[in-house]
Amino acid sequence: MIVILLGPPGAGKGTQAAAISKSLNVPHVSTGDIFRANLEYQTALGLEAKKYMDQGQLVPDDLVVRLVADRLAKPDALEGALLDGFPRTIVQAQALSDILAAKGKKVDVCLLLEVPDEDLIARLSGRRVCRGCGAGYHALFSPPKVENVCDKCGGEVYQREDDSAQTIKSRLAVYHKQTKPLVEWYQSRGLLKVINGRSDPKTVEAEIAKALA
Ligand code: AP5
Ligand code: MG
Ligand code: ZN
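Residues numbered from 1 in each chain as written. Chains lettered and ligands numbered in written order. Predicted model: local features only at pLDDT ≥ 70, side-chain atom pairs only at ≥ 80, totals over all residues. Heavy atoms only, no water.

## Focus: the site of ligand 1
What surrounds ligand 1 is a group of 33 residues, the closest being T15, Q57, R88, R127 and R171. Within the side chain of Q92, a nitrogen or oxygen atom sits 2.9 Å from a nitrogen atom of ligand 1. Between ligand 1 and Y137 there is a distance of 3.0 Å, counted from an oxygen atom to a backbone nitrogen or oxygen. Of all the elements in the fold, those that place two or more residues in the shell around ligand 1 are helix 1 (13–24), helix 2 (31–40), helix 6 (117–126) and strand 6 (136–138). Tallying contributions element by element places helix 2 first for the shell around ligand 1, with four residues. Split into classes, the residues belonging to the shell around ligand 1 amount to 12 nonpolar, 12 polar and nine charged. (Near = heavy atom within 4 Å. Polar contact = N/O pair within 3.5 Å; in protein donor to acceptor, adjacent residues only side chain to side chain. Helix = DSSP H or I, 4+ residues; strand = E, 2+ residues; numbered from the N terminus. Nonpolar A, V, L, I, M, F, W, Y, C, P; charged D, E, K, R; others polar.)

Next comes the structure, spelled out in structure tokens:
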């Protein structure tokens, strides 16, 4: 099963991904996470992506598409994948459909997490992430028990570089201009399911489970 998690920065894509990927038994493929992991190891891909990520701009389509094509060719993605943060442009959506068609597959559903911009700014400016296991926290709404230490693995909890006020602004603008057209793209193909991403995480999780049932 190929499931797309679509939504603006901070909508809760990463937060919801673990439960969905577990219930569907498909890998969680987040292009943002792949870029950040590459940057951690200072690979050429990571350093190239950083130039765009730091500005809140999209990494060029051809680079992202090649990366996802490679990822979907790995054995664990044979039965499908949960795509988080991809596609993000019409060009990427078309490329995805071509990659899947070549394997006799298609997108099964696109889940849109809807959250208004005001909420997104508050969420992103307080977001903290564990460097070890990727667990997500929020400085005000859900801080770790010990400051900067992950409850789950004891790893270091840090703030993403692109979660600065200025970069959040450009990421939201980029979403509205370049990614939002995908809502219409998947809706017109009968694949879109809209989820209210404003509720608390457990409620959102239940709504997603219902949409996938
Ligand atoms: P990426 O890593 O994908 O970032 P993003 O899309 O901006 O989304 P986020 O990860 O910021 O948000 P999220 O929806 O996962 O929210 P989260 O669950 O963490 O991409 C980063 C960059 O990489 C891009 O800007 C671009 O440069 C590049 N890139 C990646 N993919 C690309 C592509 N396909 N093409 C081109 N470039 C690409 O939650 C956020 C916060 O809210 C957390 O603190 C969390 O605790 C809290 N929260 C979550 N759910 C709730 C809730 N229900 N109620 C209250 N708080 C909540
Ligand atoms: Mg994310
Ligand atoms: Zn951790």
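## Comments concerning the sheet that holds strand 2 (residues 28–30)
If you walk across this open sheet you meet the five strands as 2-3-1-4-8, and the pairing is parallel. Each edge of the sheet is formed by a strand with only one pairing partner; in this case those strands are strand 2 and strand 8 (192–196). Across the sheet, the axes of successive neighbouring strands diverge by a mean angle of 20°, strand direction being ignored. Pairing of strand 2 with strand 3 (residues 81–84), which is carried by three bridges, proceeds in the parallel orientation. By the bridge assignment, V29 is partnered in strand 3 with L83. (Pairing = 2+ DSSP bridges. Axes fitted to C-alpha atoms, helices over the stretch in contact; angles between N-to-C directions.)

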